[in-house]
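Below are the chains, spelled out letter by letter.
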Amino acid sequence: MAHALIASVADVNLPAANVAAIVTRAASASRKQRVYQLLWSYSAAPTGGRVRVQLGTLLVRDVDITAAGPGSVRFEPPLDSADNEEMAVTLSAGGAGITGKLNVDSELLDDV
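Rules behind the numbers
- Residues numbered from 1 in each chain as written.
- Predicted model: local features only at pLDDT ≥ 70, side-chain atom pairs only at ≥ 80, totals over all residues.
- Heavy atoms only, no water.
- Pairing = 2+ DSSP bridges.
- Helix = DSSP H or I, 4+ residues; strand = E, 2+ residues; numbered from the N terminus.
- Buried < 20%, exposed > 50% of the residue type's maximum accessible area, 1.4 Å probe, protein only.
- Axes fitted to C-alpha atoms, helices over the stretch in contact; angles between N-to-C directions.
- Salt bridge = Lys/Arg side-chain N within 4 Å of Asp/Glu carboxyl O.
- Contact = heavy atoms within 4.5 Å.
- Polar contact = N/O pair within 3.5 Å; in protein donor to acceptor, adjacent residues only side chain to side chain.

Our focus in this paragraph is the sheet that holds strand β1 (residues 12-13). The pairing of strands in a sheet comes from backbone hydrogen bonds and takes either a parallel or an antiparallel form. Spatially, β1-β8-β3-β6 is the arrangement adopted by the four strands of the open sheet, whose pairing is antiparallel. Of all the strands in the sheet, the pair left with one neighbour each is β1 and β6 (69-80). Relative to strand β8 (residues 100-110), strand β3 (residues 31-42) runs antiparallel, the two being bridged by 11 bridges. Opposite K32, over in β8, you have L109 as the bridge partner.

What follows is the structure, given as structure tokens:
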């Protein structure tokens with residue numbers, strides 16, 4: 001099933017060098033988070049590079065990243081939270097002088 005994403009500034013985090021990039025979506029009553037895809041990049045090979053997806057208090061994905069440049073993961077099927085759960089995606093700080101970028105394709109769904 002195709003989906004239409006409404007992009008917002010909240011979908012992208014472009015922090016300064018050696019700062020974690022975090023995209024957070026607040027919980028909403030009777031609605032759930034759906035995550036379709038993550039895109040990230042580091043400007044150089046990171047030290048301790050990692051991307052994590054948390055739905056509510058549950059860590060659902062945790063991937064180490066060891067190389068510079070872009071990376072991505074598409075979730076088939078998409079990751080869905082329970083109703084009224086926050087979503088947080090974190091790209092760890094890459095190390096001194098290394099900049100990370102994080103993009104999250106997600107949406108807030110009405111309870112179905």
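Along the chain, E76 connects to P77 via a cis peptide bond; the corresponding omega equals 0°. Within the element layout of this structure, P77 appears in strand β6. Phi is positive for S30, which is not a glycine, with a value near 60°. Along the chain, S30 turns up in the loop between β2 (21-25) and β3. Look at N84: it is not a glycine, yet its phi comes out positive at around 60°. Locating N84 in the fold gives a position in the loop between β6 and β7 (87-91). Given the relative accessible area of 46%, N84 is considered partly exposed.

The four strands are arranged β2-β7-β4-β5 in an open sheet whose pairing can be described as antiparallel. What marks the edges here is a single partner per strand, and that holds for β2 and β5 (58-65). Neighbouring strand axes in the sheet, compared pairwise and without regard to direction, differ in orientation by 5° on average. In the sheet, strand β4 (residues 49-55) pairs with β7 via five bridges, with the strands oriented antiparallel. When the sheet's bridge partners are listed, V53 is paired in β7 with V89.

Another aspect to go through is the pattern of salt bridges. In this structure the tally under the stated criterion is five salt bridges. Linking D11 and R25 is a salt bridge whose minimum nitrogen-to-oxygen distance equals 2.0 Å. Here the residue D11 occupies a position in the segment before β1, and R25 occupies one in strand β2, the gap between them amounting to 14 residues. The buried category is assigned to R25, whose relative accessible area is 15%.

Turning our eyes to something else, we now look at the environment of S81. Assignment of secondary structure puts S81 in the loop between β6 and β7. Measuring from C-alpha to C-alpha, the distance between S81 and L108 comes to 9.8 Å, with 27 residues separating the pair along the chain. When sequence neighbours within four positions are dropped, the list of residues in contact with S81 reads K32, Q33 and L55. A distance of 2.8 Å separates the side chain of S81 from the backbone nitrogen of Q33, its partner in a polar contact.

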